[in-house]
Amino acid sequence: MKNAIYPGSFDPVTYGHLDIIRRSASVFDELIVSVLNNVKKTPLFSVEERVKILEKATEDIPNVKIESFSGLLVDYARARDVHVIVRGLRAITDFEYELQNAQTNRLLSKGALDTMFFTTSLEYAYLSSTTVREIASFGGDISGCVPDFVEKMIFSKFGIPK
Ligand code: ADP
């Protein structure tokens, strides 16, 4: 079985992430989308909330499974017997960081873990979770960035009635 892990913060999941999930799920038998539990960041949504949001946002894609992990990605991938990581590339600014991560993961896994990149669909090239959080914190329009139910949850986090 060909499976892959798509790791990320997904705080919150955007249409950009969902596009990468949909496209990569059509390439693999199973795609594990996994929320990184990064203790160094203060997230808008807890890991549990992000898992629930991702489950709902991907409920129509049968071969997608949502999980969370902490620690090294190589250890998590080994435990799941997965050898491919999926990541999205928006612009040249993503490239350097992603290249470094991909090479580090190959090294740490002794060549057992490779990274496959999906380039962003042009309409989502500008989109990031950080931008969405920023716009929403000022009550701006994020309807083109995230699904409706996520939009409601974000505004309620910021205490903004919509
Ligand atoms: P990070 O893991 O750096 O916190 P995210 O969780 O926001 O980043 O994103 C996870 C992955 O999804 C990364 O590979 C990122 O480049 C990719 N990604 C994020 N937004 C988009 C987008 N709009 N289009 C394509 N890929 C994206």
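Residue positions within a chain follow its written sequence, with the count starting from 1. Reporting of local features is limited, given that this is a predicted model, to residues whose pLDDT is at least 70; pairs of side-chain atoms are given and counted only at 80 or more, and all residues count toward the totals for whole chains, interfaces and linings. Each side-chain value is derived from all of the structure's non-hydrogen atoms; neither hydrogens nor water enter the calculation.

**Here we look at the pairing of strand β4 (residues 84–89)**
For each residue, the accessible area found with a 1.4 Å probe, counting protein chains only, is set against the maximum for its type, and the residue is called buried under 20%, exposed over 50%, and partly exposed in between. In DSSP terms, a helix is any run of H or I states spanning at least four residues, a strand is any run of E spanning at least two, and both are numbered starting from the N terminus. Within β4, 5 of the 6 residues are buried, which leaves the element mostly enclosed by the surrounding structure. Assignment of crossover handedness uses the view with strands pointing away from the viewer, where a clockwise path from the first strand over the helix to the second indicates a right-handed crossover. In terms of handedness, the path from β4 via helix α4 (residues 92–108) over to strand β5 (residues 114–119) forms a crossover that is right-handed.

**Focus on the packing of helix α2 (residues 47–57) against helix α6 (residues 148–157)**
Angular values range over 0 to 180 degrees, each being the angle between N-to-C directions of two axes fitted as lines to C-alpha atoms, with helices fitted over their stretch in contact. Remark: α2 packs on α6, axes separated minimally by 11 Å, with the N-to-C direction vectors making an angle of 155°. Between α2 and α6, the interaxial angle falls into the category roughly antiparallel. Residues E49, I53, K56 and A57 of α2 touch α6, and the partners they reach there are F149, V150, M153 and K157. Residues are grouped as follows: Ala, Val, Leu, Ile, Met, Phe, Trp, Tyr, Cys and Pro are nonpolar; Asp, Glu, Lys and Arg are charged; every other residue, Gly included, is polar. Residue composition of the contact of α2 with α6, by class: 5 nonpolar, no polar and 3 charged. Here the angle decides the label: under 35 degrees means roughly parallel, over 145 means roughly antiparallel, 65 to 115 means roughly perpendicular, and every other value means oblique. When checking whether two residues touch, look at their non-hydrogen atoms; a contact exists if any pair is within 4.5 Å.

**Considering helix α5 (residues 129–137)**
Taken as a whole, α5 has its buried residues at S129, V132 and A136. Projection of α5 onto a plane perpendicular to its axis shows the buried side chains occupying an angular sector of 60°, all on one side. Those residues of α5 hidden inside the fold are in contact with α1 (15–25) and α6. Residue G139 follows α5 closely and has a positive phi angle near 75°. An arc is given here, and it is the one of the directions from the helix axis to the C-beta atoms.

**Structural notes on the pairing of strand β1 (residues 3–8)**
Counting buried residues in β1 gives 6 out of 6 residues, a clear majority hidden from the surface. The alternating pattern of β1 places N3, I5 and P7 on one face and A4, Y6 and G8 on the opposite face, and all of these are buried. Of the pairings in the sheet, the one linking β1 to strand β2 (residues 30–36) comprises 6 bridges and is parallel in character. Looking at β2, one finds that N3 is bridged to E30. The pairing criterion for strands is at least two bridges between them, as found by DSSP.

**So, unusual backbone geometry**
Here the amide bond leading from D11 into P12 is cis, since omega sits at 5°, within 30 degrees of zero. Phi at K110 is positive, roughly 55°, even though this residue is not glycine. Turning to its location among the elements, K110 is positioned in the loop between α4 and β5.

**Some details on the site of the ligand**
Around the ligand, 18 residues are found, and the nearest of them are Y6, S9, G88, Y124 and L127. Within the side chain of H17, one N or O atom sits 3.2 Å away from an oxygen atom of the ligand. Between an oxygen atom of the ligand and a side-chain N or O atom of E98, the distance comes to 3.3 Å. Residue assignment for the shell around the ligand shows that the elements contributing at least two residues are β1, α1, β4 and α4. Class assignment of the residues belonging to the shell around the ligand gives a composition of 6 nonpolar, 7 polar and 5 charged. For each residue, the test is whether any non-hydrogen atom lies within 4 Å of the molecule or strand; if one does, the residue is near. Polar contacts here mean pairs of N or O atoms no more than 3.5 Å apart (in protein, one a potential hydrogen donor and the other a potential acceptor; neighbouring residues in sequence count only if both atoms are side-chain atoms).

**Some remarks on the environment of M1**
Locating M1 in the fold gives a position in the segment before β1. As a C-alpha pair, M1 and V51 span 50 residues in sequence and 24 Å in three-dimensional space. If sequence neighbours within four positions are ignored, M1 has contacts with D29 and E30.

In short, the description is geometric, and any link to function would need to be established separately.
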